[in-house]
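Structural characterization, general
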Amino acid sequence: MRYFVLATDYDGTLATDGRVHDETLTALKHLRASGRKLILVTGRQLDDLLQVFEQIDLFDYVVAENGALLYSPASRQEKLLGEQPPEEFIKALRDRQVDPLSVGRVIVATWHPQETTVLQTIRDLGLELQVIFNKGAVMVLPSGINKAVGLAAALDEMKLSAHNVVGVGDAENDHAFLSLCEFSVAVANALPMLKERVDFVTDGKRGDGVIELIDKLIASDLSELDEQLQRHNILLGTKEDGSEVNIQPYATSILLAGTSGGGKSTLATAVLERIAEQDYQFCIIDPEGDYENFENGVILGDATRSPRLTEILDLLEQPHENVVINLLGIAVEDRPGFFAKILPALLELRSRTGRPHWIVVDEAHHLIPSSWNPAALTLPQQLKGLMLITVHPDQIASAGLSLIDTILTVGNSPEANIKTFCETLGDCPPQLSPQSLEAGEALVWFRETTEPFRFRITPGHTERRRHIRKYAEGELGEDKSFYFRGAQGKLNLRAQNLILFTQMAEGVDDETWLYHLQQGDYSRWFKEAIKDESLAEEAEKIEQRSHISADESRAAIKEAIAQRYTLPA
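The text that follows walks through the structure, step by step, so that each part is easy to find. Owing to the predicted nature of the structure, the values given are computational and were not obtained by experimental measurement. (Residues numbered from 1 in each chain as written. Predicted model: local features only at pLDDT ≥ 70, side-chain atom pairs only at ≥ 80, totals over all residues. Heavy atoms only, no water.)

**A word on unusual backbone geometry**
For residues besides glycine, phi is generally negative; the peptide bonds are generally trans as well. Test applied: Every helix listed is a DSSP run of H or I at least four residues long, and every strand listed is a run of E at least two residues long, numbered separately from the N terminus.
A cis amide bond, omega 5 degrees, links Asp-99 with the succeeding residue Pro-100. Position of Pro-100 among the secondary structure elements: in the loop between helix H3 (87-95) and strand E6 (102-103). Geometrically, the link from His-112 to Pro-113 is a cis peptide bond, its omega value of 15 degrees lying close to zero. Within the secondary structure layout, Pro-113 lies in the loop between strand E7 (108-111) and helix H4 (115-125). With phi around 45 degrees, Ser-413 is a residue other than glycine that occupies positive phi space. Inspection of the secondary structure puts Ser-413 in the loop between strand E21 (406-410) and helix H15 (414-425).

What follows is the structure, given as structure tokens:
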């Protein structure tokens, strides 16, 4: 299930002339019976609402006073989200004969045409207040308070994400909370401007429109409307003609495959950055510690300590927390078993909350190997919001590959990954001639809709900018260290991180430095051991410059490193 919550306005949406019809109440009960939650988001004051709407207990939370007051019908507890304007403001409005005038816990409200007097009074007193309109109503609230603020507070209390919410409204004060919702709806009687900006407009007015929406939610979880929901798409890059290549943030399962150093990490990190920017929750399962410095997630586990299931789930219970599960502390042969424990727990959390929205499995051939017999039993038959990253798609269990609907492939012979994928599943691969991708390009295949095509990757903001951590000052293993040996192999100077590399580069003789430069050893090490394609590309350009001196090339490569890493002065 994608949509766990319906958030609805009251007047003009749920209610007609202040009352909710019996048919609408029945629909609300059916929605609750489907396992979904209800939040009422209204400009009304709470006492007034309780008088006109006896069935308030149908709702899990009520956002009243246009976002300034949060109320729990179950506990009868109220929570103020702002402060009431000062008494001198209310007195001034009465002195200026603003009528009608109602004062709530926070909100101060009147009707058109009193907005001119209200605004003049705010200016005269020098107050930081805002005026919000709801058709004829004029509402005064503290700056920054609106229905979106109230809805966000309700969702935080429920530990749910706005990405699992459908919102419905009818007036100008509904813009804010509808924009927060994953899917926004206007009833047929809504203001024209609101109808232009939402994702869907019902045929029915007021309560009939809400019934129509509820029927669709229960029947299909709005799946038939997915194609028109474009505003949350995740950018991958651009085609040659400049058009964007996107994936949907929901109902997509990706295989990202390619040779080492071919750009997998650049593309994966760019996608994850954009997922994080839109506040979708993700969980990365990281066998090799490649995401130790990924700034958008909390790292659990390291080379000396394996992550605990309870701490992983406790963090993921918070909708705005992303988690990176570092498996370096778990033996390679035990990692599939760990994956078999963590995946059902993640899916159980999804069944209750819709989160984490994305499960990312790096080095997927380690965690779901083709030799692993329990794979077919561990993996569900369908799993969306999944990204498998691997150098070896042929070494992933077919039960894992069968979940995939989108293939992204980079590096040398990208078409071979698509062919391998199809052969593993017993499918007929698309006709593809040998492909030669340029740096920064990828091949994508949306299996159900298009033939494979190439595009240019749009890098993330940081391109995995690593600070003084694993690669800058950490201890890379002997097999991943750089060795200054020279043409005759007379030296054996080991640089186990970038700091030592730059220090040794200053000290080695010109002949040794130029030997490795001309062999392309620096770009190779950056690509294969440091796993930084951007740095490798920059170093390769330097290596290919003819007649460059030792001093000039040293300075250029050191500068390329310094642009990406925080190194000691």
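**Notes on the sheet that holds strand E20 (residues 386-390)**
For clarity, the cut-off: DSSP calls a pair of strands paired once it identifies at least 2 bridges connecting them. Between N-to-C directions, angles span 0 to 180 degrees; the directions come from axes that are lines fitted to C-alpha atoms, helices contributing only their stretch in contact. What makes two residues a contact is simply this: any of their non-hydrogen atoms within 4.5 Å.
With mixed pairing, 11 strands are arranged side by side in an open sheet as E14-E13-E23-E22-E21-E15-E20-E19-E16-E18-E17. What marks the edges here is a single partner per strand, and that holds for strand E14 (244-247) and strand E17 (298-300). Averaged over all pairs of adjacent strands, the angle between their axes in this sheet comes to 25 degrees, without regard to strand direction. One ladder, built from four bridges, connects strand E22 (residues 441-446) with strand E23 (residues 453-457); its direction is antiparallel. Bridge pairing in E23 places Leu-443 opposite Arg-454. Packing against the sheet, helix H9 (residues 264-277) makes contact with strand E13 (234-238), E14, strand E15 (253-258), strand E16 (282-286), strand E19 (358-361), E20, E21, E22 and E23, and its axis sits at approximately 140 degrees to E13. Here H15 sits on the sheet in contact with E15, E21 and E22, set at roughly 145 degrees to E21.

**Looking at the sheet that holds strand E11 (residues 183-186)**
Spatially, E5-E4-E3-E2-E1-E10-E11-E12 is the arrangement adopted by the eight strands of the open sheet, whose pairing is mixed. Of all the strands in the sheet, the pair left with one neighbour each is strand E5 (77-80) and strand E12 (200-201). Note: strand E4 (residues 69-72) against E5, four bridges, orientation antiparallel. Counted as the bridge partner of Ser-72 is Gln-77 from E5.

**Quick word on the side chain of Asp-362**
Position of Asp-362 among the secondary structure elements: in the loop between E19 and helix H12 (364-367). Setting aside residues no more than four positions away along its own chain, Asp-362 makes contact with Ile-285, Asp-286, Pro-287, Asp-290, Tyr-291, Leu-367 and Ile-389.

**Some remarks on the environment of Glu-182**
We apply this condition: For the exposure calls, accessible area comes from a 1.4 Å probe over protein chains only, and a residue counts as buried if that area is under 20% of its type's maximum, exposed if over 50%, partly exposed in between. In the analysis that follows, any N or O atom pair within 3.5 Å is treated as a polar contact, provided that within protein one partner can donate a hydrogen and the other can accept it, and provided that, for residues neighboring in sequence, both atoms belong to side chains.
As for its position among the elements, Glu-182 is in the loop between helix H6 (175-180) and E11. A relative accessible area of 1% places Glu-182 in the buried class. Separated by 49 residues in sequence, Glu-182 and Arg-231 place their C-alpha atoms 9.1 Å apart. The contacts of Glu-182, once residues within four sequence positions are left out, are Arg-2, Tyr-3, Ala-162, His-163, Asn-164, Val-165, Asp-199, Leu-229, Arg-231, His-232, Pro-249 and Tyr-280. Reaching out from Glu-182, the side chain makes a polar contact with the side chain of Arg-2 at a distance of 2.8 Å. Polar side-chain contacts of Glu-182 include one of 2.9 Å to the side chain of Tyr-280.

**A closer look at the nonpolar core**
For the record, the criterion: By nonpolar core we mean a set of buried residues, namely Ala, Val, Leu, Ile, Met, Phe, Trp, Tyr and Cys, connected to one another through side-chain atoms within 4.5 Å.
Membership of the largest hydrophobic core comes to 41 residues, with the highest contact counts inside it found for Leu-255, Ile-325, Phe-339, Val-361 and Ile-368. Those residues in contact with Ile-368, other than ones at most four positions away along the chain, are Phe-339, Ala-375, Leu-379, Leu-388, Gln-395, Ile-396 and Ala-397. The next biggest cluster of nonpolar side chains, apart from the first, holds 37 residues, and it includes Leu-58, Val-62, Phe-183 and Ile-211.

**Some words on the packing of helix H20 (residues 533-543) against helix H21 (residues 550-564)**
What counts here: Orientation is classified from the angle alone, with under 35 degrees giving roughly parallel, over 145 giving roughly antiparallel, 65 to 115 giving roughly perpendicular, and any other angle giving oblique. Working rule for handedness: look at the near helix, and if it is turned counterclockwise from the far one by less than a right angle, call the crossing left-handed; if clockwise, right-handed. In this count, Pro and Cys sit with the nonpolar residues alongside Ala, Val, Leu, Ile, Met, Phe, Trp and Tyr, while Asp, Glu, Lys and Arg are called charged and the others, Gly among them, polar.
Taken N-terminus to C-terminus, the directions of H20 and H21 make an angle of 165 degrees; their axes are 10 Å apart at the nearest point. By the angle between their directions, the pair H20 and H21 is classed as roughly antiparallel. As H20 runs across H21, the sense of the crossing is right-handed. Across the interface between the two elements, Ser-534, Leu-535, Glu-538 and Ile-542 of H20 pack against Ser-553, Ala-556, Ile-557, Ala-560, Ile-561 and Arg-564 of H21. Of the residues contributing to the contact of H20 with H21, the split by class is six nonpolar, two polar and two charged.

**Quick notes on the packing of H3 against H4**
Any two packed helices are characterised by how steeply their axes cross, that is the angle between the axes, and by the distance between the axes. Where H3 contacts H4, the axes come no closer than 10 Å and their chain directions differ by 135 degrees. Judged on the interaxial angle alone, H4 and H3 are oblique. In the packing of H3 onto H4, the handedness of the crossing is right-handed. Across the interface between the two elements, Glu-88, Phe-89, Ala-92 and Leu-93 from H3 touch Val-118, Thr-121, Ile-122 and Leu-125 from H4. Here the contact of H3 with H4 is composed, by residue class, of six nonpolar, one polar and one charged.

**What to know about H3**
What counts is decided by this rule: To obtain the arc, one takes the directions from the helix axis to the C-beta atoms.
Turning to H3, its buried residues are Phe-89, Ile-90, Ala-92 and Leu-93. Seen end-on, H3 carries its buried residues on one side only, within an arc spanning 160 degrees. Residues of H3 that are exposed and point more than 90 degrees away from the buried face comprise Glu-87, Glu-88, Lys-91, Arg-94 and Asp-95. Considering only its buried residues, H3 is in contact with E6, E7, H4, strand E8 (129-134) and strand E9 (137-142). Following H3 by one or two positions, Gln-97 has its phi on the positive side, about 60 degrees.

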